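One letter stands for each residue in the lines below.
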Amino acid sequence: MALRRLANLVARYAPHDGAFPLRLPGTTVVRRSQTTSEPTYSTVRPAVCMIAQGAKVVMVGRDVLEYDPAHVLVLAVDLPISSQVIRASRTEPYLGFILDLDPARVGELATRVYPRGVPKASDIRGLYVGRSTDGIVDAVRRLLELMADPEDADMLGPIVVDEILIRLLRTAIGPRVAQIGQTKSGVQRMGEAVCWIRDHFAQPITVEEMAAAVHMSASSFHERFKAVTSLSPLQYQKVLRLHEARRLMLFQRMDANEACHRVGYLSSSQFSREYSRFFGSAPTRDVARVRREGFARKNSHL
């Protein structure tokens, strides 16, 4: 019953397929009325994602995670992911809710949930799934109900967001979530590295330069980075470049050669080769297919 009420609210704010930001910054609802045969690619910032109806698969590197209304998906750092809706129809569309995570706020609330110190987390991966709870579902439902009144959304919304985060921190994956806001935790340090790479991804940077940005040795940095993101630092940079090139071609109408050089490739043939290997077809053909299928103007949120 709680999920049904939540699904009805998501459907109200997402009246057709797409992603819809809500009044409160950092909150979004999503609708998809059919399953997707091809992956959707996007680079997503730290967030907790819930499904009110339907199911989805999310992939990064070699990690493949499925989640549904019984689970929450957490992204602890910026990640270039691919995803597919695996359960949806016009009568029962995929309906989701996304809450962006503010590491500082997560850190503040974690000190209240764990006054004697955050328990050691069993894993430092930046993408994981945990069980949802009735309390989390109910808090998200109440947050969406507040969106009907601008004053309620502005004044009470942040309080309910804190409740959602506290309830999430009190679940089995709470210690892993807490790492997002812990100063000098492995996850936060890799989050800093990811931000640095995002700012410099079009430049010819080395692993040693990436490691130096977060004051680590190259070998330790490489090992820790891959543990968190499921990608090596250079793989991560390459995926960012390919995602950005695709975005430039789709939304800014750049041709493949211009997009290639804009994201830092020196060789057009190398760009075309790596793009084809990653997205499944050559740049011009891939972009034409996406436009033809009508997905280019749809936001690719989780």
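Heads up: the structure comes first, above all this text.
Computed from a predicted structure; not experimentally measured.

Some words on the pairing of strand S7 (residues 71–75)
Counted residue by residue, S7 has five buried out of five residues, so it is predominantly covered. Here S7 shows two buried faces, one formed by His71, Leu73 and Leu75 and the other by Val72 and Val74. Examined bridge by bridge, strand S4 (residues 47–53) and S7 share four bridges and lie antiparallel to one another. Residue Met50 lies in a different strand from S7, and its bridge partner there is Val72. Bridging between S7 and strand S10 (residues 127–131) involves five bridges; their strand directions are antiparallel. Residue pairing in the sheet places Val74 in a bridge with Tyr128 of S10.

Notes on the pattern of salt bridges
In the structure shown here, the tally under the stated rule is 14 salt bridges. A salt bridge links Asp78 to Arg198; the nearest nitrogen and oxygen atoms lie 3.2 Å apart. Here Arg198 lies in helix H6 (residues 186–200) and Asp78 lies in the loop between S7 and strand S8 (79–87), a separation of 120 residues in the sequence. Of the residues examined, Asp78 reaches a relative accessible area of 5% and is grouped as buried. Taking the shortest distance from any N to any O, the salt bridge between Arg246 and Asp286 comes out at 2.8 Å.

Overview of the sheet that holds strand S3 (residues 40–44)
Taken in spatial order, the four strands make up an open sheet running S3-S8-S5-S6, and their pairing is antiparallel. Each edge of the open sheet is held by one strand with a lone partner, namely S3 and strand S6 (63–67). Averaged over all neighbouring strand pairs, the angle between strand axes comes to 30°, with direction disregarded. Taken together, the five bridges between strand S5 (residues 55–60) and S8 define a ladder with antiparallel strand orientation. Residue pairing in the sheet places Val58 in a bridge with Ser83 of S8.

A word on unusual backbone geometry
Phi is positive for His215, which is not a glycine, with a value near 60°. Summarising the element assignment, His215 is placed in the loop between helix H7 (207–213) and helix H8 (218–229). Unusually for a residue other than glycine, Arg253 sits at a positive phi of about 60°. Structurally, Arg253 is set in the loop between helix H9 (233–251) and helix H10 (256–262).

Quick word on the packing of aromatic side chains
In this structure the tally under the stated criterion is eight aromatic pairs. Pairing Tyr41 with Phe279 gives two aromatic rings, centres 4.6 Å apart and planes at 85°, and the pair type is edge-to-face. Separated by 238 residues along the polypeptide, Tyr41 in strand S3 and Phe279 in helix H11 (residues 268–279) bring together distant segments of the chain. For Tyr41, a relative accessible area of 17% corresponds to the buried category. Judged by its relative accessible area of 7%, Phe279 is buried. Taking 4.9 Å as the distance between ring centres and 90° as the angle between the ring planes, the aromatic pair formed by Phe278 and Phe279 counts as edge-to-face.

Observations concerning the nonpolar core
Most often, soluble globular proteins keep nonpolar side chains buried together rather than apart. One finds Val29, Leu144, Val177 and Phe221 to be the most contacted residues of the largest nonpolar core, which totals 98 residues. Once you skip the residues sitting within four places of it in the chain, Val177 turns out to touch Val74, Val106, Tyr128, Leu168 and Leu169.

As for the environment of Asp134
Tracing the backbone through its elements, the reader meets Asp134 in helix H3 (residues 134–146). Given the relative accessible area of 68%, Asp134 is considered exposed. Separated by 85 residues in sequence, Asp134 and Ser219 have C-alpha atoms that sit 43 Å apart.

Looking at the packing of helix H1 (residues 2–13) against H3
Where H1 contacts H3, the axes come no closer than 9 Å and their chain directions differ by 30°. Note that H1 runs across H3; the crossing there is left-handed. Contacts from Ala2, Leu3, Arg5, Leu6, Leu9, Val10 and Tyr13 in H1 reach Val137, Val140, Arg141, Leu144 and Glu145 in H3. When the residues that make up the contact of H1 with H3 are grouped by side-chain class, the tally is nine nonpolar, no polar and three charged.

Definitions and limits used
- Residues numbered from 1 in each chain as written.
- Predicted model: local features only at pLDDT ≥ 70, side-chain atom pairs only at ≥ 80, totals over all residues.
- Heavy atoms only, no water.
- Buried < 20%, exposed > 50% of the residue type's maximum accessible area, 1.4 Å probe, protein only.
- Helix = DSSP H or I, 4+ residues; strand = E, 2+ residues; numbered from the N terminus.
- Pairing = 2+ DSSP bridges.
- Salt bridge = Lys/Arg side-chain N within 4 Å of Asp/Glu carboxyl O.
- Axes fitted to C-alpha atoms, helices over the stretch in contact; angles between N-to-C directions.
- Phe/Tyr/Trp six-rings, centres within 6.5 Å; stacked < 30°, edge-to-face > 60°.
- Core = buried A, V, L, I, M, F, W, Y, C linked by side-chain atoms within 4.5 Å.
- Contact = heavy atoms within 4.5 Å.
- Left-handed = near helix turned anticlockwise from the far one by under 90°.
- Nonpolar A, V, L, I, M, F, W, Y, C, P; charged D, E, K, R; others polar.

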